[in-house]
Each structure stands twice: as structure tokens, then as C-alpha cells.
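Spelled out from the first residue to the last, the chains are:
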Number of protein chains: 2
Amino acid sequence: MDVNLIPWIGVGASLLAILFALYLTSWLMGRPAGTEKMQSISKAVQEGAMAYLARQYKTIAVVGVIVAVALFLALDWQTAFAFVVGAFFSGLCGFIGMSVSTRSNARVAEAAKQGLSYGLNVSFKAGTVTGMMCVGLALLGLSGVFIAFYDPNNVSQAVHALVGLGFGGSLIALFARIGGGIFTKSADVGADLVGKVEAGIPEDDPRNPATIADNVGDNVGDCAGMAADLFETYAVTAVGAMLLGYLIFGGALEYILYPVALGAVAIVASIIGVFFVRLGGSTNIMSALYKGVWVSAILALIGFYPITAWMLGDVTMFFAAIVGVVATVLIMYITDYYTSKNYRPVRSIAHASQSGHGTNIITGLSVGMESAIPPTLMIVAGILAAYYVGGGGGEGVYAIGIASMAMLSMCGMIVALDSYGPVTDNAGGIAEMADLPPEVRNVTDALDAVGNTTKAVTKGYAIGSAALAAIVLFADYVNALKKASAGAGAAAEYVFKLGDPLVLAGLFIGGAVVFMFSSLANGAVGRAAFSVVEEVRRQFREIPGIMEGTAKPEYGRCVDIVTKRALKEMVVPGLIPVVTVLLVGFILGPLALGGVLIGVIVVGIYMACFQNNAGGAWDNAKKWIEEGMYGGKGSEAHKAAVTGDTVGDPLKDTAGPAVNPVIKVVNVVALLMVPLIFHIVR
Amino acid sequence: MDVNLIPWIGVGASLLAILFALYLTSWLMGRPAGTEKMQSISKAVQEGAMAYLARQYKTIAVVGVIVAVALFLALDWQTAFAFVVGAFFSGLCGFIGMSVSTRSNARVAEAAKQGLSYGLNVSFKAGTVTGMMCVGLALLGLSGVFIAFYDPNNVSQAVHALVGLGFGGSLIALFARIGGGIFTKSADVGADLVGKVEAGIPEDDPRNPATIADNVGDNVGDCAGMAADLFETYAVTAVGAMLLGYLIFGGALEYILYPVALGAVAIVASIIGVFFVRLGGSTNIMSALYKGVWVSAILALIGFYPITAWMLGDVTMFFAAIVGVVATVLIMYITDYYTSKNYRPVRSIAHASQSGHGTNIITGLSVGMESAIPPTLMIVAGILAAYYVGGGGGEGVYAIGIASMAMLSMCGMIVALDSYGPVTDNAGGIAEMADLPPEVRNVTDALDAVGNTTKAVTKGYAIGSAALAAIVLFADYVNALKKASAGAGAAAEYVFKLGDPLVLAGLFIGGAVVFMFSSLANGAVGRAAFSVVEEVRRQFREIPGIMEGTAKPEYGRCVDIVTKRALKEMVVPGLIPVVTVLLVGFILGPLALGGVLIGVIVVGIYMACFQNNAGGAWDNAKKWIEEGMYGGKGSEAHKAAVTGDTVGDPLKDTAGPAVNPVIKVVNVVALLMVPLIFHIVR
């Protein structure tokens, strides 16, 4: 078999994933969608979500077109074209993920009437559609762009175009993560602060004017934003590894295409794994989901062995791939430990809630900070293991790339785990609003609680893989710089010494990107939630009969408020990483820019894990109290836990997860800048 | 004049500072100490504080003796001896600072009866005693150790002993910061949660069983811990610069001793500056304090010029010193902006409190994250400016050291600003408990509000200078490594390349130190505060008549609880930095250890500023509401603001400030390890 066939195998595997997703969609659409009331609520959420996504994409499109034109003028049309493909696919991933989710929520609520097992089956299939579309579109983009621009006499053209693809995906994912995150969390926080805390009505109560906005938010944030983000994570990681294959191994095709082959194998493994997610007789949802992950992981590894032996002639890189798969599984269990209500961390937060809001928050912050350490040390171990397994030097770094690609190859399954969460969350909302019997809500609540943990797992996975990918992208940057400076006839080689003040300046500036971004994202939610609170208070005050259920709240007003705020507040944080890279690159030069690339990942992995896990832990500490601990619902401890949950919302669903695309954008923009630096500075 | 005289000039200047402090003390002790009730409360606080400090020092002494013996066995007796001197002086600084503070609190309350101006005068003089003792003892230690171990034929002996001095100071300061921080904040948080939030009684109300513990805490944390910390900041910064002078300039005495000369000049400037802190006719306390800083800064610079010209023959390093002084002033204004109630950040938190606890916390976190950026960027600018002013290369790095030394030379004045805060805080407590008229409390409250900001300023200053010092210490480490590896006949030179997986691993591990440490410190406060809450609730329940004022609460029980918890919980976080350095150095080797040094500062500066400033901003947002904004005291917004204040307490007074000695300990231990590494690994 010819190595040239690999991109076509990639296309084949990605089409398989897409077809599987379409099959599941048609199966899902065949399920009953429940009563008329359920359908009408579902439709309201669906329309609200679509309306927002359309406006968000319009705003992003403006940025996208400007960037595409800039890329065309500054670089070449191939990169600009690939950028558009990446941006479009990333957006498409988000659109499909959200579509399926909003169309499945009522069906899951209906399925939950038949019990936990069937409820899990339908909701997990809905999640799988998003997972398969993510990996399918990503691999299709990678293979397609490579095929389109591959020229045996000029391999660099195709490889460089791929960087454009990654940039397109990342930039759109970044905006989608922030915009969606601000929308969903300001609606959620606003709804909770007035509804639960002030008026004392339950979550998703139809009397709460912000409840539709809240449910719409789950879709635009947790579905659309997340799907776009995982698409870019996959794409950029693969591009990083492929580019390194090109730079290190002198353009040898097998090293460039090996990551694509791994992706293709893993798609098949993930599809098989999906069928192993079932409860059987047990009620342990988490272990049912983990079964699917284990099967996919083992099958993928079995498939990786022969493909490695065949493509590369020896199996060194296979061991690097094992590192990546093991890292995925370990990160899953670590995050589970810190965010599930079965273990010490979450329970310590619940316990601290007894002495008030203050100790709940302090303990949550402490748990969040601690939770950032084990995944990071695991990534450190992964980096060192892959590097030495790969034999050190350039090959060692390539092995890190392969570990990260192997990690990402599990993406289909991991995204499925994640996306099933918001679907059940919405299903619970519909059950509440449509007055379904409490048994239904119990089923959706049980699914949703696990969903909180799986959502945290995906974020940990994304940021962990980002750390590996960033190391690879930094190596790409250093090698590309070497090539470009040699090409430009520059005498001095760039050595990134840790003690060099420019490099140090870059490290600190990289940290600033993460902190500025997190501050803006959290602040935006605080401000927008404040507006929602004021609007809900106004409606309670001015529309008589809301609390008695005789008058309908004006749901549209709240949707409108969060839409406007989200679109307005997403632009600045979205541009920060791009602008910082341009400024540092042109003013302080390539050494400082290298520092930025590493600074953003070192600070980023901690801040992302801290924010993601603290939020997940607070949420589940509240759920743990709601199960009757420390006085249960309505107790003082519960009130404190609700505060914690509210604080965790923007951390875990706005600022925290968006750090991942921030890291990618910074790295990819730096890569694209390399040729420009040599025309302008030094 | 002979350069050899410089250490003696250092001794002279330090004795001048100590004499000035003694003079101020005797003046203070001559002030009237108020009514019998005031004196008895003051005495209770004093005894509680002394009892705790004695126990804390006993615990620390155990660690200290073990380390001293280890240093003697592993290195030499000179280093071990200097370590003991540093440890003793650091502890002495804390002891004196606390002593003066506890003896002055009633006197300040009494002085406040005569109005703001006299209240400021007395409280600022009390703060000045601590400031002068800090710089005096530090310069005395540096000069004394140098004189004791200086041998013209073996300059390295004295210089290396100085590293031991720095280590002694840092290690004790680290424990004092955490132990004192846990004590003060668990008492404070516990007292507030039951007293203010549950029982609705004011701060420092004598009916609150935790109120004496709270006031004791202010002294052991904010006075003793802070003074020890600033002592080590000064000492380690000076040692870093002196060592670099030795390593870079081939042992030329003038470069080794130049930092001592700067310190001596600045002491004189600070003493003069103290006399410029007076209100005159105005009520602007902050600007009265800033006047003192400006005068000291300008006089110091005027003095630096001739001494530079004389010692070094050219004035290049004078410009580096300007960078340091400018950095001090800028950091002061930046921190003021983020933590004073006169500006947007604090007011935005107060505003967000209207929609509840959740938005108060979210906004505070957002403000805290943002606040970490300007000081860091300023430090970046300082690093680059000093480096290029110094001519780049080794001289450039030495210039960074001089900038940091110039920054620290202002230490006497800055510590005075800081220490006056807790004195007024205590004075307010005494006024409350001794039923003094409300005008007195108004005066102490006005002084205390500014104290919140000046406390934040000192922390920003300490961590900012730590960033500069860490760069210098890293350069020391690299140069020491080069020397040692050449001496050991090692062939390969250590190059700390940013892309090297070992260096990267170190960077991530450095971040882990900061996060683990912060998590433990905050968690300890959460747990200990929980115990205080339970105890206070028990007393309210079981001792009838407390709330009516007919029965006296058992104050001692609360003091006992926090004492035990603080001593128990300080050990692990205190050992983390030391143990991490040893493990990384021996297992992963010097390259990874270099990464740790930089990782700890890059992540540390952000986490320190974030935690310090968020806490300060929350505190003053509460005070801003208490002035009548958004419903004032007792409103829902005020309750939310109290929660924010409570959350901010451990961040700003336990975890945040202790990051500074953590950074120092990590760097100094690494320096001490260099010779050991070559016997054991590689």
C-alpha cells in the first residue's frame, strides 16, 4: 500500500463517522417527542438557540472575513482558503451539535419516562452525534486540505495551509466559547440569583422569566461552543504533529501523515465503543460511560500497532501513542475524583457550607487550586515519557506530538460523553416546565449529575491535550523560525534561553493573556447576570400574577438581554490573544514571542483546571446537599452551596474552558507570523 | 575611602535605624495608654499574641535546628551559622514588630480621641519602629556576616555564607507568614461568620467569643508575619545582587558591596522621609503617607548618584537604581487603584453586591485577576529597562539586581506604611470593646481603611521585588552551576532551553508549588474557621447571658483552637517548597530545577497579586457600602459584601502574601543545592 493513500483513508474514515452520525440522528428523530407542551417548550428553546447562534455567527463572520483577507494579503491564498475551511467546519460542528441537542431534549424527557437505562441510551446517542461530527469534520478538513494542496515537489505548501485550517478552527472556537459561555452563564446565574435565592422557586420553574434564556444558554454554550472547541482541539493538535513531522524528518511523507492514520483508526474504535455504553442491570451511569471509553481506547491501541509498524517501519511511536491514551484515561479519573460527589473534595465543600457562604467559597477555591496539580503533573509525566520513549531530540518532540494525537484520537468518544450532559440538563428543564411526574425529573437529574462530571472531564482532557500540543507547536515555532531565519540570510540563530530577559518578559506576558482573558470573561458574566437580575426583578414587580402562575413572564426580554451582552462582551477577550501575539512579535521580537507561547500554557493549564474543576465541584457539592445532606434543600448550608454553584458557573463554563482555544490561537498565530517577522523586524 | 569600609558603613547605617526605632519606641511608651479597661483589653491581646508567638517559634525552631544541622553536614559551618543568624533576625523582626504593635494599640485609641492628625502621628510612628527594625536588622545581618567571613584570598566564603543568611530569613518568614496567616484569618473569618452574619453584632463586639482571637491574630499575622517576611525580602534580594556581583565581575569587591552601600544611603533617606508624614490641615491620609514615600525616594536617589560614581567609576548602575525606585512608586499607585474605594474596581464589586453573594464574588475574582496584570507588566518593563540600561549580558542582569535592591532600599518606609494598619485596626477593636465614644472609632476606622490599601501595597511591592530578585537568583543559579560543573570536570554545559522537556517539566512543577501552597493555606483557614464557628455557636448556645452582656464569653477557648490549628496546618505548606526543590534537583536534575525556579515566579506573581488584591478590594468594597452606598450596613448588598470580605481574608492575608517567601525559599534552596548536585547526579 502506498503512503499517498493515507489522506484518502482519512477521508474514508471521516465519512464513516459522519454517516454514523447521520444514522443516529435519523434514529433519534424517530423517537417520540412527547406531549404538545413538551414540544412547544422544546421549540421555544430551539428557536431561541438558533436565533442566537445566527447572530453570533454573523458577528464572528465579520472578524473571520477580515482575518481571511489579512491572511491572503500577508501570506498566500492557500492559507487563507484553509482558514475559511477551518472556520466553517468549526462553526458547522457547533451548529450540528446544538441542532441535535435542541431536537433531542424533549425526546430524552419522553424516554426518561421509561427509566434510567432508556434515558441514558437516547441521550448518549444524541451526544454521540456531536462527537462523531467533531472527529469526522476535523479529519475530513485535515485530509481534504492536504489532498487539495499536496504537491510532491513542494510539500511545504500543503503543510502550511494546514496551519491556516487550525487557525480558522481555533479563532471561531474561541469566539463561540466566550460568546456562548457569557450567554449561558449570565442567564443561568441571573435566573438562579432571583429565582432560587430571592423568590425561592425551583430551577427551571416556568414562572422564572429567565428560564428559557437559561435553557437556550445550555445549548449555545455547552453544545455549540464545546463542539467548536473540540473540533479545533483535534485539528490544531493534528496540524502541530503533522507540521513537526515535516520540519523534523525533512519532509518524509509517512511522518507527516502518520497522525492522520491514527485518527482514522481511532474513529473506527470509537464507533465500536459507543455500543458498549449501556447500563445493563446496574444504575451506575458513570461506569457505563467509562466502559465505552475503555473499549474505544483498547481497540484504538490494537489498531495503532500494525499501522505504526507498517508506516514507520518500527514501533517506537506506538509507545508514544500509548502514553497519550493512558494520559486520557488518567485525566478522566483525576477529574472525576475532584468533581464527583462520591469523593472527599466535593464533600469537603458541602461540609464547609454549614458554616456559611464564605467557607463554602474558600473551600471551593482551595479544592480548585489543588485539583489543577495532579493533571498537570500527569501531563509533565506524559511529556517526559513520550520524549524519552521517542528517543529524545527532534524525534522525542515528535513523539510528544504523537502522544497528543493519540489522546485526541479518543475525541469522538469523549465529546459524546460531554454532549450528553446538556441534553439531559435541557430534558430536565422541559420535564419541570411541562409538569411531568417527578420520576422523570429524577431520571434526568441522575443523568445530569453525571453530566457535570463528564463535562469537567472533557475540559480537563482538552486543556491537558493543549499542554502537549503547545509543546509541539512551540517546537514547530522554533524550527520554522530556524528555517525562515536561514532563508532570510540571518546570521544569528534564535536560542530560547530561560534567563534571557526577552524570553522572561514573554513568559510573564503569556501569563497576562490568561489572566486578562479570564478576568474579562468572568467580569462579563457578572455584569450581564446583573442585568438579568434587574430584568427579572422588574417583571416580578410589574407583571402581576407571575408568581401565581396566572400571567406569563416575558421570556423574550431576558433572551434579548443576554444575546446583546454576549455579542458585545465577546469581542475584546476574543481579540486579546491575537493582538498580543502581533504586538509582542513585532515590538519585542521572536524571542519574547517564544516566551509568550510557553507562558500562556504554563499559566493557562493551571488557571483552566482551577476554574473548570472548582466550578464542577461547587455544582456537585450543591447537588450532594440537595440529596439530603446537612439539612438538604432550603437549609442554610444549601443557600451557601447555591452561592458556590453560582460563582462556579462562569469559571467552569465561560472563562475556564475558553483558555484552551486561547492557547491554540496564540500558538497558531505565532506560527503564521514567522515569515512576516523576517520582513519587518531584525 | 576604601571599599573595605562599606560593610562598616552598612553596620553604622543599620545601627542608626535601630537607634531611631528605639527612640520612637520610648516616645511611644511615653504616650498615655488610656483607661484601665483599654489597658486590660490591650494586655489580653498582648498576652495572647506573645503566647502564640512563643509556641509558633518553638515549632519553627525544631525545623530550624534540623535544617541548620543539615546545612552544616552537607555544606559548611559558615553557611549553617549564617542561616541561624538569618533565622534569628527574621524571628526577632517579627517579635519586635508585634511587641510594638500590641503595646501601641491602646495608645493609638487614646490618641484618636484628639483627632485624626494625632491618631495618624502615633500609629505611623508605631509602624515606623517595625520598618526601621526590618531594614536595620537586615543590613546588620548582611554586613555582619560579610565582615565575619570575609577573607581577601577566598571571597567566595563570605558570599556563600550570605546565601545561608537569606535562607534562614526566608524559611522562618515562610512559616511565620503561614502560621500567623492561618491564625489571624481563621479567627477573623470565624468571628465574622457567626458574629456579623448570624448574630448580627458588630465587628469587635465584646460579646463575640472570637473577638480576642481576632485581635491577637491581627498582631501575629499582619505584624509578626509581615515583618519577618519583609526582612527576608530585603535580605534575599541583597544577597542575590551581591552574589551576582561576585559571580559576574570575577570577585570585584565594589560590585559585591555596592548593594550594601545603596541600603545604607536609603536608611538615612527613609528616616528623613518619616518626618514628612503628617496630615497638616487636610484629611487625606493616603496623600500624607505618600508624601513620606516620595521624599524618601527622591532623597535616596540623590544619595545613590555620588555613591555610584565613587564606587563603580561610572553611573550606569545609578540608572538601574532609578528603575527600581520608579517601579516602587508605580506599584504603589497601581495597587492603590485596584484596592482603594475611590476607584472603579472596588466600586464595581460594591455595585455587583446588589444582585447577591454570587455576583459579588464573581466580580471580585474578575477584579483580582485583572489587578495582577499591570504590576506584572510593570515588572516586565522594569526587567527590560534595567537589563538594557545595564548594557545587557551579565552586567544587564546585575543591573536588574541593582534595580531590585533599589526597590528594596525603600523597605523601611514601605513597612512603616504597612505596619501602621494593624495597629489602627487593633486600636479600633479596643475602642469598640472599651465603649469609647463613636468619634474615636470613626478616627480609627478612617485610618484602618487606608491601612487596607497600604497593606495591599506592601504585598504588591514584596511580590514585585520578588520577581526581580528571582531573575537575579536564577542568574546566580546558572552561574553557580557553570562554576560547579566546570570544577567537577563535567563536560557538558547546562543550557536552559525553553523547548527542552526537562526545563518545561520544571516550569510546570514550579506552578504546582504555588497552587499546592495556595490551596493548602486557603483550605487550612476554611477548616480552622469552621472550628471557630462551631465553638462560637456552642458558647452562644450553652452560656446564657452572653448576648445580653451579663455573662463573659470564654475568649481563651477560641484562641486555643486557632493556635492549635495554625501550628498544625503550617508545617506541610511550609515544607512543600523545600521538599520540591530537593526532589526535582535529585531526581530530574539541574535543568528541571532551573525550570522550577522560573515557573514558581511566573505563576507566583500572578497568584500572589490576584489573591492579595482581590482580598483588599473585597474588604474595601464592604467598607464603601458601610459608608451608606447601596443601602448601607444591614442591607442585602452589605451581606453579600461581608461574604466577599470573608472570602478575601485568607486570600489576602494567608495564601497571597506567603507566595513571596515561597519564591525566595525555592530559589535559595536551589542555590544551596548546586554543589550537592555534582556529587550525586550526573
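From a predicted model like this one, the values you see are computed outputs, not experimental measurements. (Residues numbered from 1 in each chain as written. Chains lettered and ligands numbered in written order. Predicted model: local features only at pLDDT ≥ 70, side-chain atom pairs only at ≥ 80, totals over all residues. Heavy atoms only, no water.)

To continue, consider the overall build of chain A. Along chain A, the regular secondary structure elements total 20 helices and 0 strands. Whereas a compact globule of 682 residues would reach a radius of gyration of roughly 26 Å, chain A reaches 24 Å, a difference of no more than 12%. Taken along the three principal axes of its C-alpha coordinates, chain A extends 80 × 50 × 45 Å. Sorting the 682 residues of chain A into buried and exposed places 71% on the buried side. Of the roughly 19,300 Å² of accessible surface on chain A, 63% is carried by carbon and sulfur atoms. (Helix = DSSP H or I, 4+ residues; strand = E, 2+ residues; numbered from the N terminus. Rg over C-alpha atoms; globule rule 2.2 N^0.38 Å. Buried < 20%, exposed > 50% of the residue type's maximum accessible area, 1.4 Å probe, protein only. Areas by Shrake-Rupley, 256 points an atom, 1.4 Å probe, with all protein chains shown as cover.)

Relative to chain B, chain A is turned by 180° and slid 0.0 Å along the rotation axis, the superposed coordinates differing by an RMSD of 0.0 Å. Such a combination of rotation and displacement between the chain copies is what one expects of a two-fold axis. Nearest to the rotation axis, the C-alpha of K497 of chain A is located 2.4 Å from it, this being the minimum over chain A. (Least-squares fit on C-alpha atoms with pLDDT ≥ 70 in both.)

This part covers the nonpolar core. In terms of nonpolar packing, the biggest core is built from 542 residues, with F304 of chain A together with F304 of chain B touching the most fellow members. Excluding anything up to four places from it in sequence, F304 of chain B contacts L262, V265, A266, F318, A321, V325, A406 and S409 of chain B. (Core = buried A, V, L, I, M, F, W, Y, C linked by side-chain atoms within 4.5 Å. Contact = heavy atoms within 4.5 Å.)

Residue and element names in this part refer to chain A. In the numbering used here, UniProt assigns the feature "site: Determinant of potassium independence" (unreviewed entry) to K455. Its location among the elements puts K455 in helix α15 (residues 438-487). For K455, a relative accessible area of 8% puts it in the buried group. Once residues within four sequence positions are removed from consideration, K455 is found in contact with D222, D418, P422 and D653. (UniProt positions renumbered as here; feature names shortened; annotations may be inferred.)

Another aspect to go through is the packing of aromatic side chains. The full count for this structure, using the stated rule, is 47 aromatic pairs over all chains. Centroid distance F88 of chain A to F89 of chain A: 6.2 Å. Interplanar angle 50°. Geometry classified as tilted. Ring centres 5.1 Å apart and planes at 20° place the aromatic pair F146 of chain B and Y150 of chain B in the stacked group. Take Y150 of chain B: its relative accessible area is 25%, and that puts it in the partly exposed class. Over the ring of W27 of chain B we find R31 of chain B; its NZ or CZ atom is 4.3 Å from the centre of that ring. Between the NZ or CZ atom of K125 of chain B and the centre of the ring of W27 of chain B, over which it lies, the distance is 4.6 Å. (Phe/Tyr/Trp six-rings, centres within 6.5 Å; stacked < 30°, edge-to-face > 60°. Lys NZ or Arg CZ within 6 Å of the ring centre and 35° of its normal.)

All right, on to a nonpolar patch on the surface then. Residue and element names in this part refer to chain A. Where nonpolar side chains cluster on the molecular surface, the patch consists of V65, V69, F72, L73, W77 and F81 and spans about 660 Å² of accessible area. Looking at the nonpolar patch, the elements with two or more residues in it are α2 (36-74) and α3 (77-112). The greatest single-element share of the nonpolar patch, amounting to 4 residues, is contributed by α2. Tracing the backbone through its elements, the reader meets W77 in helix α3. (Patch = residues over 30% accessible without salt bridge, like charges linked within 9 Å, V, L, I, M, F, W, Y side chains within 5 Å. Salt bridge = Lys/Arg side-chain N within 4 Å of Asp/Glu carboxyl O.)

All names here are of chain B. With a phi angle near 55°, D435 is a residue other than glycine that sits in the positive phi range. Tracing the backbone through its elements, the reader meets D435 in the loop between α14 (411-433) and α15 (438-487). Relative accessible area serves as the criterion here: at 61%, D435 is assigned to the exposed category.

Before going further, it helps to spend a moment on the environment of A21 of chain B. Residues and elements named next belong to chain B. By secondary structure assignment, the location of A21 is in helix α1 (residues 6-29). Separated by 115 residues in sequence, A21 and G136 have C-alpha atoms that sit 9.0 Å apart. Those residues in contact with A21 that lie beyond four places of it in its chain are V129, M132 and M133.

Looking now at the state of the cysteines. Per the counting criterion, the structure on display carries 0 disulfides over all chains. The cysteine C93 of chain A is free of any disulfide, with C134 of chain A supplying the nearest cysteine sulfur at 3.9 Å. No disulfide involves C223 of chain B; its nearest neighbouring cysteine sulfur is the one of C134 of chain B, lying 11 Å away. (Disulfide = S-S within 2.5 Å.)

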